[in-house]
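Listed here are the chains, written in short residue letters.
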Amino acid sequence: MSLPARRVLIIGGGFSGMSAAIQLRKLSVEVDLVEIDEDWRTDGAGITVSGPSLRAIEAIGVLPQFRQQGVVFSGVEQYTADGVLINAIPTPPVPGSSIAGGGGIMRPVLAKILADETRQSGTAVRLGVTFEKIEQTPDAAHVTFSDGTSDTYDLVIGADGVFSSVRSALFAGAPTPRYTGQGVWRAVVPRFGVESAQMFLAKDGKVGFTPVSEEEMYLYYTDRRPTKERIPQELLLPTLKSLLAEFAAPVVTKIREHLSETSQILYRPLEGMLMPLPWYDKRVLLIGDCVHATTPHLASGAGMGHEDAVVLAEEFKRGGSLEQALERYQHRRWERCRMIVANSGRLGEIESTGGSKEEHAQIMSLSMSALLAPI
Ligand SMILES: Cc1cc2nc3c(=O)[nH]c(=O)nc-3n(C[C@H](O)[C@H](O)[C@H](O)COP(=O)(O)OP(=O)(O)OC[C@H]3O[C@@H](n4cnc5c(N)ncnc54)[C@H](O)[C@@H]3O)c2cc1C
């Protein structure tokens, strides 16, 4: 098979970088991956996985491990803060997938599944290493690494996330992430009988639950904060408890009572960015959050990264020059990723301004059905 690139370097071992490594190795591309974190960690929260994201996970080949170690369920329910059902959004089978509905899993569990698969694929992984310099000639990209080594590749893929160093080093004028005025609180709690994804909308915030294992679910609370803040550790528990006091729904009340000093609570300001095309410059391509970092309102950011990998490998397989493959790739990815970033941003605005719950529900439904389209 004549491939557009035979030797590829991936910078960043998150969901997007690992998925790309696995997919390119299936075509026998020689893949090196460098990850800056020597322990290859991810944060200890859960993740909601939509049906379309599960389709990509299936294409990558790790659906059996996901089913075994995560949870698959159907439907998303939206309630008022008091627990009155507003909208039950069905999650029909996704064309091209063997699986109906969506799912949830702990982030470190999904990261380990993908890291094991990446290593088994024959990708050469180096941890605690990053790039220092990337120089492009017409035929190759020459990379100097932080451990003093250097190498030459046909293609370098920047998959180093929303604050990408590859983007800032090589794409002058690229947009930078923008704080959206919302932050997300996360914690892992017992399921208290919750069987599928649920969210409760109050005037100032939204709380949601996603089952991530037989016993546990992941709680997220999206809250309005005009400035980007770091919340001191000792304030995490009392602040989250007071935010949840706005919800009278019985399940939220039970969780509020359950939260204690031993609960692991995380707070993160939400930032988003969408880089206009092109997403490549000669022999350097950006994927995942480097170019389309969405807020989590449609639970699709990680899924977009998995899909990037699936589409990139398909376009590699179709052949032609590297430029032709990267052009086809970015045109297939643009509208879907743009829609996710824009609609997630609008959902955040509605939540921040106490806007129309009907518009919120409508955007959710429209976006979820748009995502069913083939990638
Ligand atoms: C609060 C929150 C909740 C979310 N919830 C969901 C959800 O429920 N469902 C969903 O689908 N998505 C969700 N997302 C989005 C999802 O987390 C991201 O879209 C996804 O993690 C992007 O993956 P990535 O691999 O592109 O980037 P990242 O996950 O950021 O991975 C980048 C990797 O590159 C490494 N790296 C960074 N710099 C360098 C460097 N210079 N050299 C080498 N390596 C480097 C990092 O250590 C990291 O391993 C959420 C996001 C947030 C902020």
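This one's a predicted model, so the numbers in the text were calculated from it and none came from an experiment. Positions within a chain are numbered from 1, following the residues in the order the chain's sequence is written. Where local features are concerned, this predicted model is filtered to residues with pLDDT of at least 70; where side-chain atom pairs are given and counted, the filter is 80 or more; whole-chain, interface and lining totals use all residues.

Draft legend 1. A look at unusual backbone geometry. In the segment running from L277 into P278, the intervening peptide bond is cis, with an omega of 5 degrees. Helical segments are the DSSP runs of H or I of at least four residues, strand segments are the runs of E of at least two, and each set is numbered from the N terminus. Structurally, P278 is set in the loop between β17 (265–274) and β18 (280–281). Phi is positive for W40, which is not a glycine, with a value near 50 degrees. For W40, the location among the structural elements is in the loop between β2 (30–35) and β3 (46–49). Judged by local crowding, W40 falls into the partly exposed class, with 17 C-beta atoms found within 10 Å. The phi dihedral of A299 is positive, around 45 degrees, even though this residue is not glycine. Mapped onto the elements of the fold, A299 is located in the loop between β20 (292–293) and α8 (301–318). Once C-beta atoms are placed from the backbone, each residue is buried if 20 or more other C-beta atoms lie within 10 Å of its own, exposed if 12 or fewer, and partly exposed for counts between those two.

Draft legend 2. The arrangement of the sheet that holds strand β7 (residues 102–106) in detail. The sheet built from three strands is open, its strands ordered β3-β7-β4 with antiparallel pairing. A single partner strand is all that each edge strand has here, and the edge strands are β3 and β4 (71–73). Across the sheet, the axes of successive neighbouring strands diverge by a mean angle of 20 degrees, strand direction being ignored. We treat two strands as partners when DSSP finds at least two bridges between them. The pairing of β3 with β7 spans four bridges and is classified as antiparallel. Its bridge partner being in β7, I47 is matched across the sheet by I105. Angles here are taken between N-to-C directions and fall from 0 to 180 degrees, while the axes themselves are lines fitted to C-alpha atoms, restricted in helices to the stretch in contact.

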